[in-house]
Amino acid sequence: MKSSRYRAGRTFLCRAEYHSELMKSILEFVREKEIKMAVFFVIGAVEDATLAYYHHEKHEYQKITLKRPLEIANAFGNISSRDGQPFAHLHAVLSDAKGRAYAGHLISATVFAAEVHFLELIGDILEREKDQITGLALWRFIK
Ligand code: ZN
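Let me begin by describing the structure that accompanies this report. Remember, it's a predicted structure, so these values are computed and weren't measured experimentally. (Residues numbered from 1 in each chain as written. Predicted model: local features only at pLDDT ≥ 70, side-chain atom pairs only at ≥ 80, totals over all residues. Heavy atoms only, no water.)

## Section: the coordination of the zinc ion
Ideal values differ by geometry: the angle at a metal is 109.5 degrees with four tetrahedral donors, but 90 or 180 degrees with six octahedral donors.
Stage number 1. Within the protein, the zinc ion binds to His 89 (NE2), His 91 (NE2) and His 105 (ND1); these donor distances fall in the range 2.0 to 2.1 Å.
Stage number 2. Of the residues examined, His 89 reaches a relative accessible area of 22% and is grouped as partly exposed.
Stage number 3. A residue is classified by how much of its surface remains accessible, and His 105, at 15% relative accessible area, is buried. (Donors = N, O, S within 2.8 Å, 3.2 Å for Na, K, Ca; no water. Buried < 20%, exposed > 50% of the residue type's maximum accessible area, 1.4 Å probe, protein only.)

## Things to note about the side chain of Ser 80
Stage number 1. With respect to the helices and strands, the residue Ser 80 is situated in strand β4 (residues 70–82).
Stage number 2. Judged by its relative accessible area of 1%, Ser 80 is buried.
Stage number 3. At 3.3 Å, the side chain of Ser 80 forms a polar contact with the side chain of Arg 128.
Stage number 4. Of note is the side chain of Ser 80, whose polar atom sits 3.0 Å from the side chain of Trp 139.
Stage number 5. Non-local contacts of Ser 80, meaning those with residues more than four positions away in its chain, are made with Lys 36, Met 37, Gln 85, Pro 86, Phe 87, Leu 126, Arg 128 and Trp 139. (Helix = DSSP H or I, 4+ residues; strand = E, 2+ residues; numbered from the N terminus. Polar contact = N/O pair within 3.5 Å; in protein donor to acceptor, adjacent residues only side chain to side chain. Contact = heavy atoms within 4.5 Å.)

## Observations regarding the pairing of strand β3 (residues 60–66)
Stage number 1. Across seven bridges, strand β2 (residues 38–55) lies against β3 in antiparallel orientation. Paired with Tyr 53 across the two strands is Gln 62, which belongs to β3.
Stage number 2. Joining the antiparallel neighbours β2 and β3 is a turn of four residues, in which His 59 adopts a positive phi near 60 degrees. (Pairing = 2+ DSSP bridges.)

## A short note on the packing of aromatic side chains
Stage number 1. In this structure the tally under the stated criterion is seven aromatic pairs.
Stage number 2. Within the aromatic cluster, the residues linked to one another by ring pairs are Phe 12, Phe 29, Phe 40 and Phe 118.
Stage number 3. One Lys or Arg, Arg 82, reaches over the ring of Phe 87 and ends 5.4 Å from the middle of that ring. (Phe/Tyr/Trp six-rings, centres within 6.5 Å; stacked < 30°, edge-to-face > 60°. Lys NZ or Arg CZ within 6 Å of the ring centre and 35° of its normal.)

Structure follows, in structure tokens:
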């Protein structure tokens, strides 16, 4: 397993604005605070969401569009770099009124209420680049 070692940087607790687009809000905050590497967690609720499932053979994302209110039961993500710009990668478990769960790679979601907890990481900035085997934009390790 390839790795990079980090030390803890700043910690932020944030509340995303009502009706904002979650991924956009996350990236705006990261740019404003000049966060280069981080892990983050989100809980709350969304009014709609688009998740994606990555098809291993086709090497493409299949969208899952959910046009209804959902809880963000859990979401975990990281911040790194792609094409020299901050890039947020987030996976979410969303639940409906009956507790049924929908999960996957989060593309976008309209916030009803969301609490975001960022843990900044100080160390190498990992750049994402296309992996030939999986077709995914994976981290390139320097060392
Ligand atoms: Zn993903």
